[in-house]
Amino acid sequence: MSAEFGGDPGKQGKLSRWLRGRRPKEAAGDGGREDLLRAAADAGLPLAPAAHPAGYRCSCDRVGCPTPARHPVSFAWQTQSTTDRAQIERWARHQPQANFITATGMVHDVLDVPLEAGRETLRRLLEAGVEVGPVAESDDGRLLFFTLTRGTPEDEDEWWPCELDCHPETMDEHPGLRWHCRGSYVLVPPARLPGEDRGVHWVRGPEHPLPDPLTLLETLTDACARYAVEENDGHPAAAWPSRR
């Protein structure tokens, strides 16, 4: 157990609640929303406005939107994404219902895994004293591990485009590990999903330093492999798209 949790029953109890899916209450109201968005921006996560739920549908005007409330509102989201607090506050106040996405592959990547595999991994990593960065939980059954990116604009050859895996719109076809990097995005908490009381929330907030993804990858892939076998009635699952 890392020093962050060891020896403090209150913190251990909070961790147990997280791992059972009983998340701590987030700040309520518009002020709390802005505080969480500012905290994400201060941690270096570039943000841009996204669609939001309209009942059980999406706020966009696309008929049969395949990713309701989960996509940016602008096609220019990659260049629009920013950590500028003033701009984010303007967006938040002028679009009070909007979710926000964070563009990956510039400062951070996101390792996106099935919820149960992610909870198992988080428990194992914390018990082993491994430094785990921010982690978000999505009520559609995913756990998001925020990490440093493996490529930077100054080192163009090291970019790993997300298209090597899959696009954000094809998540259902890839239930195992997804590595969100250049050309991808994820919802950043606080975000709302279609349905009653569903959303995306922090399990570990953005104040935690971003780790190198390779320190988490082996444990995550092992947990995802076990999850896939269990979901496939004990038979090995088809190979997931892998990074080349």
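Residues numbered from 1 in each chain as written. Predicted model: local features only at pLDDT ≥ 70, side-chain atom pairs only at ≥ 80, totals over all residues. Heavy atoms only, no water.

## Details of the overall build of the protein chain
Working step 1: If you tally the helices and strands in the protein chain, you get six helices and eleven strands.
Working step 2: Per-residue burial over the protein chain gives 48% buried out of 244 residues.
Working step 3: Contacts in the protein chain between residues far apart in sequence, at least 24 positions, make up 74% of those at least 6 positions apart.
Working step 4: Accessible surface, the protein chain: about 12,200 Å² in total, of which carbon and sulfur atoms supply 49%. (Helix = DSSP H or I, 4+ residues; strand = E, 2+ residues; numbered from the N terminus. Buried < 20%, exposed > 50% of the residue type's maximum accessible area, 1.4 Å probe, protein only. Contact = heavy atoms within 4.5 Å. Areas by Shrake-Rupley, 256 points an atom, 1.4 Å probe, with all protein chains shown as cover.)

## Some thoughts on the nonpolar core
Working step 1: In this structure, L47, F146 and V188 are the most contacted members of the largest nonpolar core, which totals 28 residues.
Working step 2: The residues contacting L47, other than those within four sequence positions of it, are L37, A40, A41, Q80, S81, T82, I88, W91, F100, I101, T102 and V188.
Working step 3: Of all hydrophobic cores here, the second largest spans 20 residues; its members include V113, L143, W179 and A223. (Core = buried A, V, L, I, M, F, W, Y, C linked by side-chain atoms within 4.5 Å.)

## Describing the sheet that holds strand 9 (residues 185-188)
Working step 1: Strand order in the open sheet formed by three strands is 1-4-9, with antiparallel pairing between adjacent strands. The outermost strands of the open sheet, each flanked by one partner alone, are strand 1 (47-50) and strand 9. Strand-to-strand twist of the sheet, defined as the mean angle between neighbouring strand axes without regard to direction, takes the value 40°.
Working step 2: Bridge analysis of strand 1 against strand 4 (residues 99-103) gives four bridges, and the strand direction is antiparallel. Paired with A50 across the strands is N99, a residue of strand 4.
Working step 3: Sitting on the sheet, helix 4 (residues 85-94) is in contact with strand 1 and strand 4, with an inclination near 10° to strand 1. (Pairing = 2+ DSSP bridges. Axes fitted to C-alpha atoms, helices over the stretch in contact; angles between N-to-C directions.)

## Things to note about the pairing of strand 4
Working step 1: With five of five residues buried, strand 4 is to be regarded as a mostly interior element.
Working step 2: The alternating pattern of strand 4 places N99, I101 and A103 and F100 and T102 on opposite faces, both of which are buried.
Working step 3: As paired strands, strand 4 and strand 9 are joined by four bridges and run antiparallel to one another. For T102, the partnering residue across the bridge sits in strand 9 and is V186.

## Observations concerning helix 5 (residues 115-127)
Working step 1: Its 13 residues give helix 5 an end-to-end C-alpha distance of 18 Å, which sits within 8% of 18 Å, the value for a rise of 1.5 Å per residue.
Working step 2: Every buried residue of helix 5 is accounted for by L115, A117, G118, R119, T121, L122, L125 and L126.
Working step 3: Positive backbone phi, approximately 75°, marks G129, located one or two places after helix 5. (Expected span 1.5 Å × (residues − 1).)

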